[in-house]
Amino acid sequence: MTAFTTIQTRPFDGQKPGTSGLRKKVRVFQQPGYLENFVQAIFDSIGDCTGKTLALGGDGRFFNREAIQIILKMAAGNGFARVMVGQGGILSTPAASCVIRKYQTFGGIILSASHNPGGADEDFGIKYNIPAGGPAPEAVTEAIYARTQQIDEYHTTQVGDVDLDQLGEYPLGDMVVQVFDPVADYAALMQELFDFDAIRALFAGGFRMKFDAMHAVTGPYAKAILEGLLAAPAGTVMNGTPLEDFGHGHPDPNLVHAHDLVEALFGADAPDFGAASDGDGDRNMILGRGFYVTPSDSLAVLAANATLCPGYAKGLAGIARSMPTSAAADRVAAALGIPCYETPTGWKFFGTLLDAGKATLCGEESFGTGSDHVREKDGLWAVLMWLNVLAKRQQPVAEIVREHWAKYGRNVYSRHDYEAIDSAAANGLMEHLRGLDLKGQSLGAYKVAFNDDFAYTDPVDGSVSTKQGVRIVFDDGSRVVFRLSGTGTEGATLRVYIEQFQPDPAQHHLDPQVALADLIKIARDVAQIEARTGRTEPTVIT
Ligand SMILES: O=P(O)(O)OC[C@H]1O[C@H](O)[C@H](O)[C@@H](O)[C@@H]1O
């Protein structure tokens with residue numbers, strides 16, 4: 001007889017999901033009832049769970065396995081019929097989206113704090129993805145949050161732990177736990193989209209690549225797909241074993257944190273191609289030999305070359321990018337005669353456009369690229385799409401990007417982050433910017449066309465999102481954008497996005513920090529960054 005148990009509990013403050021779920025320090029999650037309250041709030045908010053199937057897994061970080069055991073027992077206590085859990089508790093965010101869609105589950109729970117460090121003193125996170133496979137929209141996360149504030153009990157089952165390492169089906173109370181291979185379905189989908197024969201031939205011809213899994217979730221995926229199915233040489237995947245603390249690293253694929261990869265690609269005897277992914281596998285960074293491809297350029301290049309890939313051979317319905325992402329993709333869309341949508345930051349805003357068939361490719365400056373194949377951004381997908389393009393064009397990465405700039409013009413771009421600044425100072429700075437009326441004024445050599453706080457009306461469901469970032473747009477299309485990060489866990493992080501359109505190929509070789517120097521100064525001055533935050537330099541430049 002299964003012992004279903006209802007446990008009395010009291011609300012915890014601050015269980016408001018951010019841009020991508022609830023993220024807190026592990027020790028916060030380890031408080032008795034903390035994770036349980038949030039999970040029960042999810043189950044209470046998504047409708048009747050009775051008889052349904054749930055997908056479950058995480059990025060392998062510290063507390064992943066314990067959390068999975070808690071959630072399995074609670075799923076049984078809440079009437080789920082089946083939970084599909086990735087072997088070893090592993091499931092990348094895009095693979096979760098793939099599995100949710102393929103098996104039409106009642107959504108899924110993904111345990112990850114994405115690119116934030118892992119370990120006993122670091123971060124943990126949990127998010128719910130809806131049955132369409134994408135992040136929960138705001139109406140759902142608001143309902144979950146509201147529930148966390150009133151919760152007084154949760155349901156669980158008193159049974160032993162499930163062995164997460166053995167594939168198979170196991171009873172847990174009246175529920176079935178299906179421990180499945182987290183790579184297989186995802187790898188099958190990638191083979192439908194990309195020309196694996198062409199990529200295999202590329203590797204067979206001596207093409208060399210390094211993929212940095214950063215000791216996070218994409219290790220098993222990259223090894224199986226790159227070194228397995230595509231027969232890339234052993235050692236192509238670096239840092240390929242998921243570790244609970246990501247090897248003390250910060251699994252964020254950018255020029256600062258993916259330093260092993262950057263050294264390899266900018267050093268002597270560099271390989272042809274480099275790529276990295278983040279904690280939960282949804283972000284990507286693309287490098288050529290001695291060459292960095294900005295995420296905004298990556299989206300534009302992939303869009304311009306999409307028809308070289310079997311899954312996109314019929315062309316694109318449209319492109320979508322987040323507002324702070326550069327307008328490079330807009331130029332490709334214009335040339336292709338397809339729409340380009342500008343959404344607020346956060347992958348969830350692409351969901352309605354993808355579901356409605358309005359956009360095929362999406363991308364964000366925050367190292368996110370993806371398509372309508374799932375409802376999440378997808379790191380390895382972007383890498384495979386680049387490999388497909390490289391296999392077909394037989395040119396180095398740098399040459400492809402330079403040709404792209406010569407054809408469309410270059411949206412010179414950089415992002416400056418000021419991390420862990422005082423929250424009150426950060427909010428004051430944003431309020432100051434919101435209060436400015438700069439239209440028609442000259443800032444340095446630039447004349448302001450307009451400034452605003454970006455607001456978005458979803459063209460599919462009509463929902464409105466306000467206060468999504470202050471933009472100052474100049475007459476020549478150059479712009480600076482300011483917003484506060486929605487994913488940080490310490491103080492506030494100010495992001496400043498700087499963009500200038502450069503049509504002249506003779507200027508395309510310039511280092512963006514040099515080309516953008518005037519705009520960078522304008523941004524610092526107009527926002528009073530030093531006076532308000534005490535910072536003279538950004539902590540991260542990408
Ligand atoms: O709010 P930020 O720290 O700038 O992060 C923004 C990013 O956060 C997460 O990674 C979301 O999944 C992305 O869609 C978003 O672009």
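Owing to the predicted nature of the structure, the values given are computational and were not obtained by experimental measurement.

**Some details on the overall build of the protein**
Counting its regular elements, the protein contains 18 helices and 27 strands. For the protein, the C-alpha radius of gyration of 23 Å lies close to 24 Å, the compact-globule estimate for 542 residues. For the protein, the proportion of its 542 residues judged to be buried stands at 59%. Taking the contacts inside the protein whose residues are at least 6 apart along the sequence as the reference set, 72% of them involve residues at least 24 apart. Surface exposure of the protein reaches about 19700 Å², of which carbon and sulfur atoms provide 50%. Computed over 46 positive and 65 negative side-chain charges, the inter-centroid distance for the protein is 3 Å.

**Remarks on the domain arrangement of the protein**
You can read the domains of the protein as domain 1 (5-181), domain 2 (185-408) and domain 3 (410-541). At the junction of the two partners, domain 2 supplies 25 residues and domain 3 supplies 22 residues. Summed over both partners, the interface of domain 2 with domain 3 comes to about 2200 Å²; 60% of that surface belongs to carbon and sulfur atoms. Taken together, the links from domain 2 to domain 3 amount to three salt bridges. Glu-342 serves as the salt-bridge partner of Arg-471, at 3.6 Å between the closest nitrogen and oxygen. Counting every contact that joins domain 2 to domain 3 gives eight residue pairs in polar contact (both at pLDDT 80 or more). For the side of domain 2 that touches domain 3, the elements supplying multiple residues, two or more each, are helix H11 (328-336), strand E16 (340-343), helix H12 (351-355) and helix H14 (397-408).

**Considering the sheet that holds strand E9 (residues 175-180)**
If you trace the seven strands from one edge of the open sheet to the other, you get E2-E6-E5-E3-E4-E9-E8, paired in mixed fashion. The strands lining the two open edges of the sheet, one partner per strand, are strand E2 (22-25) and strand E8 (168-172). Taking each pair of neighbouring strands and ignoring which way they run, the sheet shows an average axis angle of 20°. Looking at chain direction, E8 and E9 are connected through five bridges and run antiparallel. Within the sheet, the bridge partner assigned to Glu-169 lies in E9 and is Gln-178.

**Some thoughts on the packing of helix H2 (residues 34-45) against helix H3 (residues 64-77)**
Packing of H2 against H3 leaves a shortest axis separation of 10 Å and a crossing angle of 40°. When the interaxial angle is binned, H2 and H3 end up oblique. Note on packing geometry: the crossing formed by H2 with H3 is right-handed. Together, Leu-35, Glu-36, Val-39, Gln-40 and Phe-43 of H2 and Ala-67, Ile-70, Ile-71, Met-74 and Ala-75 of H3 make up the contact between the two elements. Of the residues belonging to the contact of H2 with H3, the class tally is eight nonpolar, one polar and one charged.

**Digging into the site of the ligand**
In the vicinity of the ligand, 14 residues are found, and the nearest of them are Glu-364, Lys-377, Ser-485, Thr-487 and Arg-495. Take Arg-283: an N or O atom from its side chain is 2.8 Å from an oxygen atom of the ligand. Out of a free accessible area of 390 Å², the ligand has 98% covered by protein chains. Tallied by class, the residues present in the shell around the ligand amount to one nonpolar, eight polar and five charged. Residue contributions to the shell around the ligand reach at least three from each of two domains, namely domain 2 (185-408) and domain 3 (410-541).

**So, the UniProt feature "domain: Alpha-D-phosphohexomutase alpha/beta/alpha" (unreviewed entry) in the protein**
In this numbering, the UniProt entry assigns the feature "domain: Alpha-D-phosphohexomutase alpha/beta/alpha" (unreviewed entry) to residues 15-154, 185-287 and 296-408. Taken end to end, residues 296-408 has its terminal C-alpha atoms 13 Å apart, with 45% of it in helix and 14% in strand.

**Some words on the sheet that holds strand E14 (residues 291-293)**
By way of backbone hydrogen bonds, the strands of a sheet pair with one another, either parallel or antiparallel. Strand order in the open sheet made by the five strands is E11-E10-E12-E13-E14, with mixed pairing throughout. Either end of the sheet is taken by a strand with one partner, and the two such strands are strand E11 (237-238) and E14. Relative to strand E12 (residues 273-277), strand E10 (residues 209-212) runs parallel, the two being bridged by four bridges. From the neighbouring strand, Phe-211 faces E12, where its bridge partner is Ala-275.

**Focus: the pairing of E9**
Sheet faces and side chains relate simply in a regular strand, where the side chains alternate between the two faces. Most of E9 sits out of view: five of its six residues are buried. Bridging between strand E4 (residues 82-90) and E9 involves five bridges; their strand directions are parallel. Opposite Val-83, over in E9, you have Val-177 as the bridge partner. Between E8 and E9, which pair antiparallel in sequence order, lie two residues; one of them, Gly-173, sits at a positive phi of approximately 60°.

**Quick notes on H14**
Taking 1.5 Å per residue, twelve residues should reach 16 Å; H14 reaches 17 Å between its end C-alpha atoms and fits that length. For H14, the full list of buried residues reads Val-397, Ala-398, Ile-400, Val-401, His-404, Trp-405 and Tyr-408. Along the axis of H14, the buried residues cluster in a sector spanning 165°; they form a single face. With its phi angle positive at about 90°, Gly-409 sits one or two positions after the end of H14.

**What to know about helix H17 (residues 517-527)**
Residues of H17 that are buried include every one of Leu-519, Ile-520, Ile-522, Ala-523, Val-526 and Ala-527, and no others. Down the axis of H17, the buried side of the element spans an arc of 160°, and every buried residue falls inside it. The exposed residues of H17 that point more than 90 degrees off its buried face are Asp-518 and Lys-521.

**Focus: the environment of Tyr-413**
Among the structural elements, Tyr-413 can be located in strand E19 (residues 410-421). Accessibility expressed as a relative area gives 8% for Tyr-413, which makes it buried. Separated by 116 residues in the primary sequence, Tyr-413 and Asp-297 have C-alpha atoms spaced 9.1 Å apart. Each residue touching Tyr-413, except ones within four places of it in the same chain, is listed here: Ser-296, Pro-324, Thr-325, Ser-326, Glu-365, Tyr-497, Ile-498, Glu-499, Pro-512 and Leu-516. A distance of 2.5 Å separates the side chain of Tyr-413 from the backbone oxygen of Pro-324, its partner in a polar contact.

**Describing the pattern of salt bridges**
Summed over the entire model, instances satisfying the criterion amount to 33 salt bridges. The residue Arg-479 makes a salt bridge to Glu-342 at a minimum N-O spacing of 3.8 Å. Of this pair, Arg-479 sits in strand E25 (residues 479-484) while Glu-342 is found in strand E16, placing the two residues 137 residues apart along the sequence. Judged by relative accessible area, Arg-479 falls into the buried class, the value being 7%. Taken together, the shared-partner salt bridges connect Arg-321, Asp-330, Glu-342, Asp-452, Arg-471, Arg-479 and Glu-499 into one network.

The rules behind these values
- Residues numbered from 1 in each chain as written.
- Predicted model: local features only at pLDDT ≥ 70, side-chain atom pairs only at ≥ 80, totals over all residues.
- Heavy atoms only, no water.
- Helix = DSSP H or I, 4+ residues; strand = E, 2+ residues; numbered from the N terminus.
- Rg over C-alpha atoms; globule rule 2.2 N^0.38 Å.
- Buried < 20%, exposed > 50% of the residue type's maximum accessible area, 1.4 Å probe, protein only.
- Contact = heavy atoms within 4.5 Å.
- Areas by Shrake-Rupley, 256 points an atom, 1.4 Å probe, with all protein chains shown as cover.
- Lys, Arg positive; Asp, Glu negative; His and termini not counted.
- Charge placed at Lys NZ, Arg CZ, Asp CG, Glu CD.
- Domains from an automatic or database assignment.
- Buried area = accessible area lost by both parts, 1.4 Å probe.
- Salt bridge = Lys/Arg side-chain N within 4 Å of Asp/Glu carboxyl O.
- Polar contact = N/O pair within 3.5 Å; in protein donor to acceptor, adjacent residues only side chain to side chain.
- Pairing = 2+ DSSP bridges.
- Axes fitted to C-alpha atoms, helices over the stretch in contact; angles between N-to-C directions.
- Parallel < 35°, antiparallel > 145°, perpendicular 65-115°, else oblique.
- Left-handed = near helix turned anticlockwise from the far one by under 90°.
- Nonpolar A, V, L, I, M, F, W, Y, C, P; charged D, E, K, R; others polar.
- Near = heavy atom within 4 Å.
- UniProt positions renumbered as here; feature names shortened; annotations may be inferred.
- Expected span 1.5 Å × (residues − 1).
- Arc of directions from axis to C-beta.

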